[in-house]
Amino acid sequence: MSLTPAGEPRQKITVASLREKKLQHQPITCLTAYDYAAARLVDEAAIDIILVGDSLAQTMLGYENTLAVSVDEMLHHTRAVHRGVKHAFLIADMPFGSYHVGTDEAVKNATRFIKEGGAEAVKMEGGEKRADLIRRIIDAEIPVAGHIGLTPQSVNVMSGYKVQGKSLSAIEQLMRDAVALDRAGVACIYLEGIPREVAAMITAEVATPTIGIGAGPDCDGQVLVIHDILNLTFAPAAKFVRRYGDAAALITDAVQAFRADVTSRQYPADSESYHLPKETQQALETVLERKRWMQR
Ligand code: KIV
């Protein structure tokens, strides 16, 4: 049986156990991961949810925003993450365009994330206006995570990445969005980039667990992008990001040390080299000696 870092036995996280955590007021933890190594480390650190976010468009693929990433690219990363996960609940983001064109197409794409990617749920952005589609996907036995507030796939409609829900009418719409997702039966609702007070109201109103990012401490859980907490984004951090490590400095130091060792012939050492077995070495010396003798 595997244990949490605190030595407690680990259970597989499911839709039901996430709901139970909300009922028991136990904070839910979520991080993104986009490859096998990160998935292993995050899972072994007993994080509840691993999200293969479409933020991989920027963090892994260097796109300017999330709009360009395709279903096939998302699936490639989801499969790698799936191979590294044992206990966490695995959610994959449906990328822009994969659920906007038609219901059948959306159900087909969602199905691919479960069958081909190994995800346990798919996430899609939007509230009230997605509720019918989300019901259809849940009808197809696929758990869905909602995502409202600052929804990065709407960057062009929102005219930039701006905190949402600041006016009374915007708060009312966010409440309607959250309630619509709750009634549709989503597994959890991501609340991104909204005032703390609004996130607290939504969290109190819905039975579904809320997972905040830039939404204050009153959500049922918190998510951050793993590249943000490790300083691997090459960009100024948003207000809500807390850095827990400096992987950029770690990687740069290691790479520079390797370069210095190779250029100064300090690497590899004899102890880092393979050697011939003694008998072969002796036989080789005899052959070389004979050759030298014949050339005299
Ligand atoms: O793509 C992503 O990483 C996300 C989280 C920030 C919620 O959607």
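That block above? That's the structure.
What counts and how
- Residue positions are counted from 1 within each chain, in the order its sequence is given.
- With the structure being a predicted model, the display of local features is reserved for residues of pLDDT at least 70 and the display and counting of side-chain atom pairs for 80 or more, all residues being used for whole-chain, interface and lining totals.
- Excluded from the side-chain calculation are hydrogens and water; included are all heavy atoms of the structure.
- Put simply, a salt bridge is a Lys or Arg side-chain nitrogen that is within 4 Å of an Asp or Glu carboxyl oxygen.
- Each pair of aromatic rings taken from Phe, Tyr and Trp, with Trp reduced to its six-membered ring, is defined by centres within 6.5 Å and is described as stacked if the planes are under 30 degrees apart, edge-to-face if over 60, and tilted in the remaining cases.
- In this scheme, Lys NZ or Arg CZ marks a charge over a ring once it lies within 6 Å of the ring centre and within 35 degrees of the ring normal.
- Definition of nearness: a residue and a molecule or strand are near each other if at least one heavy atom of the residue lies within 4 Å of the molecule or strand.
- Any pair of N or O atoms that falls within 3.5 Å is considered a polar contact. Within protein, one atom must be able to donate a hydrogen and the other to accept it, and sequence-neighbouring residues count only if both atoms are side-chain atoms.
- Throughout, the Shrake-Rupley method with a 1.4 Å probe supplies accessible areas, and for residues the shown protein chains are the sole cover considered.
- Gly is placed with the polar residues, together with every amino acid not listed as nonpolar (Ala, Val, Leu, Ile, Met, Phe, Trp, Tyr, Cys and Pro) or charged (Asp, Glu, Lys and Arg).
- To sort residues, take the accessible area from a 1.4 Å probe on protein chains only and compare it with the maximum for the residue type: under 20% means buried, over 50% means exposed, and anything in between is partly exposed.
- Only runs of H or I of at least four residues qualify as helices and only runs of E of at least two qualify as strands under DSSP, and these elements are numbered from the N terminus.
- DSSP-based pairing: two strands are paired if at least 2 bridges between them are found.
- In this analysis, the expected span of each helix is defined as 1.5 Å times one less than the number of residues it contains.
- Directions pointing from the helix axis toward each C-beta atom define the arc.
- We call two residues in contact when some of their heavy atoms are within 4.5 Å.
- Among buried residues, those of type Ala, Val, Leu, Ile, Met, Phe, Trp, Tyr and Cys that are joined through side-chain atoms within 4.5 Å constitute a nonpolar core.
- Lines fitted to the C-alpha atoms define the axes, with helices restricted to the stretch that makes contact. Angles between their N-to-C directions range from 0 to 180 degrees.
- With respect to orientation, any angle under 35 degrees is reported as roughly parallel, any angle over 145 as roughly antiparallel, any angle of 65 to 115 as roughly perpendicular, and every other angle as oblique.
- If you view the pair so one helix is near and one far, a crossing is left-handed when the near helix is turned anticlockwise from the far one by less than a right angle, and right-handed when it is turned clockwise.

Student: So what's going on with the pattern of salt bridges? Which residues, and what values?
Tutor: One pass over the full model with this rule turns up 12 salt bridges. Ionic contacts of the salt-bridge type, sharing partners, join the residues Asp 72, Arg 112 and Glu 116 into one network.

Student: Give me the lowdown on the packing of aromatic side chains, citing residues and values where you can.
Tutor: Applying the stated criterion across every chain, the model contains one aromatic pair. Over the ring of Tyr 190 we find Lys 123, and its NZ or CZ is 5.5 Å from the ring centre.

Student: Break down the site of the ligand for me, with residues and values.
Tutor: Around the ligand, a shell composed of Thr 32, Leu 51, Gly 53, Asp 54, Ser 55, Asp 93, Lys 123, His 147, Tyr 190, Ile 213 and Val 225 is seen. Between the ligand and Ser 55 there is a distance of 2.5 Å, counted from an oxygen atom to a side-chain nitrogen or oxygen. Take Lys 123: an N or O atom from its side chain is 2.8 Å from an oxygen atom of the ligand. Notes on the ligand: free accessible area 260 Å², of which the protein chains cover 95%. Split into classes, the residues belonging to the shell around the ligand amount to four nonpolar, four polar and three charged.

Student: Which residues make up the pairing of strand 2 (residues 49-52), and what values do they have?
Tutor: Of the two faces of strand 2, the one carrying Ile 49 and Leu 51 and the one carrying Ile 50 and Val 52 are both buried. Bridge count between strand 1 (residues 28-32) and strand 2: three bridges; the pairing is parallel. Residue pairing across strands places Cys 30 opposite Ile 49, the latter belonging to strand 2. Strand direction decides the pairing type here: strand 2 and strand 3 (residues 89-93), joined by four bridges, are parallel. Opposite Ile 49, over in strand 3, you have Phe 89 as the bridge partner.

Student: Summarise helix 5 (residues 103-115); cite the residues concerned and give the values.
Tutor: With 13 residues, helix 5 should cover 18 Å at 1.5 Å per step; its first-to-last C-alpha distance of 18 Å lies within 8% of that length. Along helix 5, the positions that sit buried rather than exposed are Ala 106, Val 107, Asn 109, Ala 110 and Phe 113. Down the axis of helix 5, the smallest arc covering the buried residues is 165 degrees, so these residues share one side. When the buried face of helix 5 is taken as reference, the exposed residues oriented beyond 90 degrees from it are Asp 104, Lys 108 and Lys 115. Where helix 5 is buried, its residues touch helix 4 (71-84), strand 3, strand 4 (121-125) and helix 6 (131-139).

Student: I'd like a description of the nonpolar core, backed by residues and values.
Tutor: Counting residues in each nonpolar core, the largest one holds 70 residues, and the members touching the most others are Ile 137, Tyr 190 and Ile 202. When residues of this core are assigned to their parent elements, the largest contribution, six residues, is made by helix 7 (residues 168-184). Filtering out sequence-adjacent residues up to four positions away, Tyr 190 remains in contact with Cys 30, Ile 49, Leu 51, Ile 91, Lys 123, Ala 145, Gly 146, His 147, Ile 148, Ile 211 and Val 223.

Student: Can you tell me about helix 8 (residues 196-205), naming the residues and giving the values?
Tutor: Each turn of an α-helix holds 3.6 residues, which means side chains three or four residues apart point in the same direction. Every buried residue belonging to helix 8 is among Val 198, Ala 199, Ile 202 and Thr 203, and all of these are buried. Along the axis of helix 8, the buried positions cluster into a sector of 135 degrees, meaning they face one direction only. Among the exposed residues of helix 8, those pointing more than 90 degrees away from its buried face are Glu 197 and Ala 204. Taken together, the buried residues of helix 8 touch helix 1 (15-23), strand 5 (144-149), helix 7, strand 6 (188-192) and strand 7 (210-213).

Student: Give me the sheet that holds strand 1: which residues, what numbers.
Tutor: Pairing within the closed barrel is parallel, and its eight strands lie in the order 1-2-3-4-5-6-7-8. Averaged over all adjacent pairs, the angle separating strand axes in this sheet is 25 degrees, with direction ignored. Inspection of the sheet shows strand 1 paired to strand 8 (residues 221-224) by four bridges, in the parallel sense. Paired with Cys 30 across the bridge in strand 8 is Val 223. Against the sheet, helix 4 makes contact with strand 2 and strand 3, and its axis sits at roughly 155 degrees relative to strand 2, the strand it touches most. Contacts between helix 8 and the sheet are confined to strand 5, strand 6 and strand 7, with strand 6 contributing the most and set at about 170 degrees to the helix.

Student: Any details on the packing of helix 5 against helix 6? Residues and values, ideally.
Tutor: Where helix 5 meets helix 6, the closest approach of the two axes is 10 Å, and the angle between their N-to-C directions is 45 degrees. Classed by the angle they form, the pair helix 5 and helix 6 counts as oblique. Crossing hand, helix 5 versus helix 6: right-handed. Listed contacts from helix 6 to Thr 103, Asp 104, Ala 106, Val 107 and Ala 110 of helix 5 are Leu 133, Arg 136 and Ile 137. Broken down by class, the residue content of the contact of helix 5 with helix 6 amounts to five nonpolar, one polar and two charged.

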